[in-house]
Amino acid sequence: MLARPLKYARPASVAEATALLRSHPGARPLAGGQSIVNVLKLRAAEVDALIDISRLEELRTIAATPDGGLELGAGVRYVELASAPLVRERLPIVADVADGLVDVQVRNRGTLGGNICLNDPTSNFPPLLVALGATIRIAGAGAERRSVPAGDFFVGPYRCALEPGELVHSVVLAPLGGDEGVGYQTLQLARDSWALARAAVWLRRDGDAIADARVVLGCLGPRPARQGAIEAALLGGGGGEASVSAAVAAPLEGIDAVGDSHASPEYRVEMARVYAKRAIHQALAQTEAPA
Amino acid sequence: MSVQDAAAPTKAASTIGTPVRRVEDKRLLQGQGTFSDDVWMKRMGYVHFVRSPHAHARIGDIDVARAEAMEGVYATLTGAEVEAMTEPFMQIAPEPGSRMEDYALAVGKVRFVGEPVVAVLAETRALARDAAEAVEVEYELLEAVVDSLATLSPTAPVLHETIGKNIGYQDTYAWGDIDWALEHADHVVSIDKLHFHRFSSTPLECNAAVVNWDRGTDVIEVRSNNQMPQFAAMFISPAIGMPTSKLHFVSQDIGGAFGLKITSYPTIAACMLLSRKAGRPVKWTEYRSEAVTASAHGNERTFTDIKVPVMADGTILGFDVKAYDDAGAFMRYEPLGGVIWSQVAPGCYRLKHLRVEYTQVLTNKCPCGPNRGYSRLQHLWMIERIVDIVAHELGFDPVELRKKNYPQADEYPYETPNGCFYDSGDLPRMLDLGLELADYDGWRTRQAELKESGGGKRIGIGIGSTLDSGTNNFGQARLVNEHLPFSGNGEAAHVKLDLYGEIAVNLGSSPQGQGHETTAAQTVGEILGVAPTDIHVKAGYDTASHAYVGFSGTYASQFAVTGLGAAIGAAEKLRDEIRLVAATALGATPDEIELADGVAGVRGDEERAIPFIGIANLVYTNVAALPPEVADAVSLNCRYVYRPPFEIPDIETKTGELTLTYAAQIHVAVVEIDEETGHTEILKYVAIDECGRRINPQIVEGQVHGAAAHGIGAALHESFVYDEESGQLLSGNFYDYHAATAVDVPLLLTGEIECPSPRSPNGAKGMGEGGGAPLSTLCAAFQDALGAGGAVVTDTHNPSERVWRLLRERSDAPRPVEVVSR
Ligand SMILES: Cc1cc2nc3c(=O)[nH]c(=O)nc-3n(C[C@H](O)[C@H](O)[C@H](O)COP(=O)(O)OP(=O)(O)OC[C@H]3O[C@@H](n4cnc5c(N)ncnc54)[C@H](O)[C@@H]3O)c2cc1C
């Protein structure tokens, strides 16, 4: 193997999986394997056992919630998110983001749970889930599930609010009202490669004015960054060109842009503003036009 | 056999110029190819290389004890052992570059990240890797230098103490009188600096070899994907002290090479030594990250102090430039690149006065290999930038300026100032065709409309004109080192009639997907009157059974000329032997004999014919039936060496015929730029190709597509970036080195004209490198989008951020271009 020797287990239930995780501190869940296997092949992490959760049916459901929203199992694959009629109907943005993820090989295996637990600064779903105000349901020792708002779930790069022995069970999404819209905009190095800048926006319009907004930037720091100042600047405004441009010029929060071989920090920050603006306009276009 | 059985002698229709299906594709597409990694040998071990994590360091103690103690580990090999067992590889460079010491493994120092330091052989691939991790190497870190110009500073760390400075080769090439031209021109355009970035190719198959040093015979079998085995043999033989006759190279299928697999010889040599030490065959299969980091990169080149004399009517007289080519840590195929650019010294233009002060620098980066378009694409790009910048700065129309300075159709063969002959061509017609296919006028209208309406997008239209010079005169090596006993070129082929009259061909080339089996079958079939499907061209290459010369291999756009030239010669020899035997059997004279559909018959007499099986019978198994003088004159095994008609170039004036054929590319691109982000969409991409007579247009088309995709990827996404401080490669795998994929490459519109070469045996020209046309084309498109008075495009690599910065360049910023007019 390219990886160091390690143990492998395929538990039959979520309860068994969490029990194994609790009893093996060096164990990690294996979902689609599109990130963790690469990390292991590079021998860049100390993992001594993999607990394969990829076939647990409990984690693979796409369910309608009574309020009109969705509960998406952590083990649902991108390709399934992209093609599920229920997702297309209720929250098409989730299907679109899954559909636009990297390439067909990764989409066939990668999972929603794996994506958010990895929480790479360039990961596609974390900023979207924060913007959508999602709730992350977590399976621990008992049959009880604890819930964490997406805004608190993403702790730092490659870190999230899971305690040892816990698994992400599912992601719960509220329905979108007719006066709400979502925008998601990305600048990529090339068609199927990493993002250089990303913005996800949810907003609600009340008549002529923006009544509520969540503006989240990806790629710019340890975690998806809510932009309080931009949101505040948007509230009460009508969402016209000039006011949105002014809003995205507000001071950015929670960012720590680093450069790499593809883009400088300065460019990333500038692009974050541009893409925030575009995502805001995209979201606004979906809200019902004021009477 | 009965003579009456023979079919009517209707000559098989020629397939030259038709898209005959590639014979190779069935096995390649059905997973039935045999690549080096598919080769298995009894008792074989797997090698893993311990590689340098540092860009520049002195090697201290190496402890292999823990690795060797592991169960299943067969042997290790260190640089100290290599130093004791071998001589450094020979160098092409003259003094002082020739003093460079390059070994199969790092000796004394490491000079780039990923350099092989220790080889570990074990029972499985995984174990070899685990054992390699257990090898302990002490390093004493040294300062690294990765910048091509900073490395020339007297305070820069020196890579090779034996040379004493970071220069591998330096010379001035001058033709015409550039000083006179600069004095007398109406305008002199000066450009501070142009930079051609470092990128590479990404063959699907990384380097690989299975190497066995046979103890009984001392024959070393190398089943590798090295693309120029004779060159490898000539480098390895003196280093390890074994005769070339005992170096047995074999390859069947090779998954792309692009020039990079010429310089795999040091690692192959390491595998040989390890095989001898362990007494076992050694299998080496590179991981992708090893291939990206440490196999071979394309050359980076920086051009400074460019001066261009231009007349009022737009005639460009030439240029004066300093070129700094960055070879990385070792020279290997270099400094041949130091002269190879001069095959296209004036580019696609009638430039008369040229001066290039060429310096090849050494830095703590991966060594270079002769990557597709090698050394010419850097130079051609510089010339295209010059022409484009001249148009931009002096207000000439970019189309008209090019057409005015191209050689005109009636000027071919066109002699360049350094004595090369552009054999045939018609660049103005190609450009017209390209503009028409691209709907140039329509896009100019659209561009103006967009300018009016704003909207945050702008359009740029660019033209790139490049050449693909093919069939080198190796005599040009003497221009970099007068002591090198190289000249001319050639390739060998062997065509035989087998026992039952079948036709079998073997070639000296080592193809990597270029379809040699197909085009050789077309060529031989044409001469022997047999359908290509009835000819067996042996797959791949084998020193033990194939004909070869020292230049054999597949590289540098030459197979259509040299490889097929050899096939033609060998097939004609066989044809003449068949005619002689048939004439004897049929009581006719050889010139009355015609070959068609596998039968040799007397022209005009259907009754008198003999099938090839009958010919084979007479020569191989019924030889007493032939008169002795005929039997002695034929073997039905015909070897031929094609030799292009070259002379030795003149060392003093650096002139001569350096290449035989000149294929040409004219590309036209329309890009749309997002002004807020610098993000580029290619809206239209047209590639017009001229490569003489096209033996198989589908194969040509494939090469045109590949070369275009390669260049587009390099222009927008692919770049090797090194950290200035640590010398670490920041784009060392496919996450960061984004090789263009099908979704990145726009729809390519292709067109062609055919100007048969008067110099080649079949009118064909070598092709496939594509001259790096997209780099020139996209830069010109960006320049066009920036408009008059805008920033100047000075780099080959223009990802979104660079375009964004160009768009934002302040009008009072110092410009890299200056125009002085009289
Ligand atoms: C070439 C390539 C390009 C990529 N580009 C992108 C990109 O642009 N954007 C992007 O978002 N992603 C990208 N990815 C990553 C991809 O989306 C992965 O699928 C994703 O990051 C991880 O999902 P997975 O199901 O494969 O998880 P795995 O790799 O199996 O696991 C990832 C991590 O999450 C943990 N984990 C998984 N599931 C759970 C769970 N239910 N509870 C707790 N912990 C869990 C694992 O233990 C591990 O630490 C790319 C991957 C590749 C190979």
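Here the structure is a predicted model, which is why all the values come from computation and not from measurement. (Residues numbered from 1 in each chain as written. Chains lettered and ligands numbered in written order. Predicted model: local features only at pLDDT ≥ 70, side-chain atom pairs only at ≥ 80, totals over all residues. Heavy atoms only, no water.)

A. Fine view of the packing of aromatic side chains. Residues and elements named next belong to chain B. All told, the structure shown has 26 aromatic pairs over all chains when counted by the stated rule. Taken together, a centroid distance of 6.0 Å and an interplanar angle of 55° make the contact between Tyr173 and Trp175 tilted. Pair check on accessibility: Tyr173 and Trp175 agree, each one buried. On the numbers, 4.5 Å between centres and 50° between planes, the contact of Tyr422 with Tyr662 is tilted. Here Tyr422, found in strand β17 (residues 421–422), pairs with Tyr662, found in strand β27 (residues 659–674); they are 240 residues apart in sequence, far enough to count as distant. As far as the burial class goes, Tyr422 and Tyr662 line up, both buried. Positioned over the ring face of Tyr74 is Arg280, at 3.6 Å from the centre of the ring. Taking NZ or CZ as reference, Lys654 lies 5.0 Å from the ring centre of Tyr173, over its face. (Phe/Tyr/Trp six-rings, centres within 6.5 Å; stacked < 30°, edge-to-face > 60°. Buried < 20%, exposed > 50% of the residue type's maximum accessible area, 1.4 Å probe, protein only. Helix = DSSP H or I, 4+ residues; strand = E, 2+ residues; numbered from the N terminus. Lys NZ or Arg CZ within 6 Å of the ring centre and 35° of its normal.)

B. Representation of the pairing of strand β12 (residues 282–285) of chain B within the structure. All names here are of chain B. Here β12 shows no split at all, with Val282 and Trp284 on one side and Lys283 and Thr285 on the other all buried. Two elements, strand β1 (residues 45–51) and β12, share two bridges in a ladder whose sense is parallel. Across the sheet, the residue bridging to Tyr46 is Lys283, located in β12. Note: strand β9 (residues 208–213) against β12, four bridges, orientation antiparallel. In the sheet register, Ala209 faces β12, and the bridge partner there is Trp284. (Pairing = 2+ DSSP bridges.)

C. The pairing of strand β13 (residues 209–218) of chain A, seen in detail. Residues and elements named next belong to chain A. Burial runs high along β13: seven of the ten residues are buried. Bridging between strand β12 (residues 195–206) and β13 involves nine bridges; their strand directions are antiparallel. Counted as the bridge partner of Asp206 is Ala209 from β13. Between β12 and β13, which pair antiparallel and follow one another directly, the connecting turn spans two residues, one of which, Gly207, has a positive phi of 65°. Relative to strand β14 (residues 225–226), β13 runs antiparallel, the two being bridged by two bridges. In the sheet register, Leu217 faces β14, and the bridge partner there is Ala225. Between the antiparallel neighbours β13 and β14 lie six residues, among them Cys219 with a positive phi of about 70°.

D. Structural detail: the domain arrangement of chain A. Residues and elements named next belong to chain A. Domain parsing of chain A yields domain 1 (7–52), domain 2 (57–173) and domain 3 (180–286). Between domain 1 and domain 2, the residue contacts involve eleven residues of the former and 15 residues of the latter. Summed over both partners, the interface of domain 1 with domain 2 buries about 1000 Å², with 68% contributed by carbon and sulfur atoms. Along the contact surface separating domain 1 from domain 2 lie zero salt bridges. Run the count over domain 1 and domain 2 and you get two residue pairs in polar contact (both at pLDDT 80 or more). Element by element, the count of residues in the side of domain 1 that touches domain 2 is highest for helix α1 (residues 14–23), at five residues. When the residues that make up the side of domain 1 that touches domain 2 are grouped by side-chain class, the tally is five nonpolar, five polar and one charged. (Domains from an automatic or database assignment. Contact = heavy atoms within 4.5 Å. Buried area = accessible area lost by both parts, 1.4 Å probe. Salt bridge = Lys/Arg side-chain N within 4 Å of Asp/Glu carboxyl O. Polar contact = N/O pair within 3.5 Å; in protein donor to acceptor, adjacent residues only side chain to side chain. Nonpolar A, V, L, I, M, F, W, Y, C, P; charged D, E, K, R; others polar.)

E. Geometry of the pattern of salt bridges. For the structure shown, the criterion picks out 60 salt bridges over all chains. In this structure, Glu300 of chain B and Lys365 of chain B form a salt bridge, with 2.7 Å as the shortest nitrogen-oxygen distance. One end of the pair, Glu300 of chain B, is in strand β13 (residues 300–310); the other, Lys365 of chain B, is in the loop between β15 (353–361) and α10 (376–394), with 65 residues separating them in the sequence. With a relative accessible area of 10%, Glu300 of chain B lands in the buried category. Accessibility expressed as a relative area gives 3% for Lys365 of chain B, which makes it buried. Here Asp498 of chain B and Lys496 of chain B are joined by a salt bridge, their closest N and O atoms 3.9 Å apart. Each of Arg4, Arg43 and Glu46 of chain A together with Asp130 and Glu133 of chain B takes part in one network of salt bridges that share partners.

F. Local environment of the site of the ligand. Within the structure, the ligand sits among 31 residues, and Pro29, Gly33, Tyr78, Thr111 and Asn124 of chain A are positioned closest to it. Near the ligand, the surrounding residues belong to chains A and B. Ile36 of chain A is positioned such that a nitrogen or oxygen atom in its backbone is 2.8 Å from an oxygen atom of the ligand. In this structure, Val168 of chain A approaches the ligand through a main-chain N or O atom, which is 2.9 Å from a nitrogen atom. If the ligand stood free it would expose 970 Å²; the protein chains cover 92% of that surface. Contributing elements (two or more residues each) for the shell around the ligand: β2 (27–30), α2 (36–41), α7 (112–118) and β10 (167–173) of chain A. Here the residues of the shell around the ligand sort into 17 nonpolar, 13 polar and one charged. (Near = heavy atom within 4 Å. Areas by Shrake-Rupley, 256 points an atom, 1.4 Å probe, with all protein chains shown as cover.)

G. Inspection of the sheet that holds strand β29 (residues 748–752) of chain B at higher detail. Residue and element names in this part refer to chain B. What the four strands build is an open sheet, ordered β18-β27-β28-β29; its pairing is mixed. Of all strands in the sheet, those with a lone pairing partner are β18 (457–472) and β29, marking the two edges. Going from strand to strand, the sheet's axes swing by 15° on average, the running direction of each strand aside. Where β18 meets β27, 15 bridges bridge the pair, whose relative direction is antiparallel. Bridge pairing links Thr466 to Gln665 in β27. Contacts from helix α13 (residues 440–453) reach β18, β27 and β28 (680–690) within the one sheet, and its direction differs from that of β18 by about 145°. (Axes fitted to C-alpha atoms, helices over the stretch in contact; angles between N-to-C directions.)

H. Representation of unusual backbone geometry in the model. All names here are of chain B. Look at the link from Glu334 to Pro335: it is a cis peptide, with omega at 5°. Mapped onto the elements, Pro335 comes out in the loop between β14 (318–326) and α9 (337–340). Within the chain, Arg332 stands out as a residue other than glycine whose phi angle is a positive 50°. For Arg332, the position within the fold is in the loop between β14 and α9. For Ser557, which is not a glycine, the phi torsion comes out positive at approximately 45°.

I. Structural view of empty space enclosed by the protein. Residues and elements named next belong to chain B. Summed over the entire model, instances satisfying the criterion amount to twelve cavities of 30 Å³ or more. Estimates place the volume of the largest cavity at around 190 Å³. Along its surface, the largest cavity is lined by 21 residues, and Pro116, Thr267, Ala294, Ser295 and Arg332 are the ones closest to its centre. Grouping the constituent residues of the lining of the largest cavity by class yields twelve nonpolar, five polar and four charged. (1 Å grid on protein atoms, 1.4 Å probe; cavity = no way out; pocket = protein on both sides within 12 Å on 5 of 7 lines; lining within 4 Å. Points joined across faces, edges and corners; volume = space filled by probe spheres on them.)

J. Here's a closer look at the side chain of His195 of chain B. Residues and elements named next belong to chain B. Examined against the element boundaries, His195 turns out to sit in strand β8 (residues 187–196). Overall, His195 belongs to the buried group, its relative accessible area being 19%. Among residues more than four places away in sequence, those in contact with His195 are Glu300, Arg301, Thr302, Trp381, Thr794, Asp795 and Thr796.

K. Representation of the interface of chain A and chain B. Each partner contributes residues to the interface: chain A has 26 residues there, and chain B has 24 residues. Together chain A and chain B conceal approximately 2300 Å² of surface at their shared face, both sides included; 47% is due to carbon and sulfur atoms. Together, Arg43, Arg191 and Tyr267 of chain A form the three largest contributors to the area buried by chain A at its contact with chain B, with a combined 23%. Counting the contacts that link chain A with chain B gives eight salt bridges. For Glu133 of chain B, the salt bridge is made with Arg4 of chain A, and the minimal N-O distance between the two is 3.4 Å. Counting every contact that joins chain A to chain B gives 19 residue pairs in polar contact (both at pLDDT 80 or more). Those elements that provide at least two residues to the side of chain A that touches chain B are α2, β11 (180–188) and α12 (265–286) of chain A. If one sorts the elements of the side of chain A that touches chain B by residue count, α12 of chain A sits on top with eight residues. Tallied by class, residues from the side of chain A that touches chain B come to eleven nonpolar, six polar and nine charged.

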